[in-house]
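Commentary on secondary and tertiary structure
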Amino acid sequence: MPYALRMSNAAIDRATYVDILKLPENITGEVINGVLYQQPRPAPRHAYASSRLGAAINSPFDRGKGGPGGWWILDEPECHLGADILVPDIAGWRRERMSSLPDTAWFELPPDWVCEVLSPSTASKDRIDKQGVYLREGVGFLWFIDPEAKTLEAFQLTSGSWLLIAALSGEDQAAVAPFDDVPFDLGELWA
């Protein structure tokens, strides 16, 4: 279950990257709106859905095998977006915007696409807090995968707000922007 460390005086005690560096290695930390969130590694269904989605899009879109290529697709990249530090489950950058990977352990360029795999303990943070940061930073596409409900919701940034472009479930074929060139079976994500 994620734990939000809420400070009594946010103006003085806003969480920073230093707070993340102090966390144990088995804990993932994020700073959103000055609040430190900590959560353990994902549960098996969550990890399975994330891994399978990465497998479905990595070859055609990152490596260009059976698809157009042109992307960097990464699991759990640390994104430093202004004062916020987020770790999406999967994110992608178009190579035309980011020609090479940075030498730092994090990314300062906002991704072009983000996927958050929802769990009961993180869904609210993902859908509200992180979604707001992704909107502010101009992330073009945001997907939510829910392994319990077996759903995919996809949003596109349009005129400064999120537009729902797909809502799929169960065994549907997923041909969803920005990865609509090579469809995949949504059922492959469910353990």
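The sections below set out a description of the structure shown in this document. It should be emphasised that the depicted structure is a prediction, and the values quoted were computed from it without experimental measurement. (Residues numbered from 1 in each chain as written. Predicted model: local features only at pLDDT ≥ 70, side-chain atom pairs only at ≥ 80, totals over all residues. Heavy atoms only, no water.)

1. Some words on the pattern of salt bridges
Selection criterion: Here, a salt bridge means any side-chain nitrogen of Lys or Arg that lies within 4 Å of a carboxyl oxygen of Asp or Glu. Secondary structure elements follow DSSP: runs of H or I no shorter than four residues count as helices, runs of E no shorter than two count as strands, and numbering proceeds from the N terminus. Remark: exposure states derive from per-residue accessible area (1.4 Å probe, protein chains only) relative to the maximum for the residue type, with buried under 20%, exposed over 50%, and partly exposed in between.
Enumeration over the complete set of coordinates arrives at eleven salt bridges. The salt bridge partner of R41 is E76, with a shortest N-O separation of 2.7 Å. Here the residue R41 occupies a position in the loop between strand 3 (35-40) and helix 2 (44-63), and E76 occupies one in the loop between strand 4 (71-75) and strand 5 (79-81), the gap between them amounting to 35 residues. Residue class for E76 comes out partly exposed when judged on its relative accessible area of 31%. R127 is paired through a salt bridge with E153; the nearest N and O atoms lie 2.2 Å apart. Here E153 lies in strand 10 (residues 151-158) and R127 lies in helix 3 (residues 123-136), a separation of 26 residues in the sequence.

2. Structural notes on the side chain of D112
Inclusion rule: Definition of a polar contact: a pair of N or O atoms within 3.5 Å, with one able to donate and the other able to accept a hydrogen when the atoms are protein atoms, and with sequence-neighbouring residues admitted only if both atoms are side-chain atoms. Any two residues whose heavy atoms approach within 4.5 Å are treated as being in contact.
With respect to the secondary-structure elements, D112 resides in the loop between strand 7 (90-94) and strand 8 (113-117). We classify D112 as buried; its relative accessible area is 10%. In terms of polar contacts, D112 uses its side chain to reach the backbone amide nitrogen of R94, at 2.6 Å. Not counting the four nearest positions on each side in its chain, D112 is found in contact with W71, G92, W93, R94, R97, V139, G140 and F141.

3. Concerning helix 3
Where we set the bar: How far a helix is expected to stretch is found by multiplying one less than its residue total by 1.5 Å. Throughout, bend refers to the angle between the axes fitted to the seven residues that end at a position and the seven residues that start at it.
Compared with the 20 Å implied by 1.5 Å per residue over 14 residues, the 19 Å span of helix 3 between its first and last C-alpha is a close match. Considering bend angle alone, the principal kink of helix 3 is centred on K130 and spans about 35 degrees. Residues of helix 3 that are buried include every one of K125, D126, K130, Q131, V133 and Y134, and no others. Phi for G138, located one or two positions after helix 3, is positive at around 75 degrees.

Any functional reading would require information that these geometric values do not contain.
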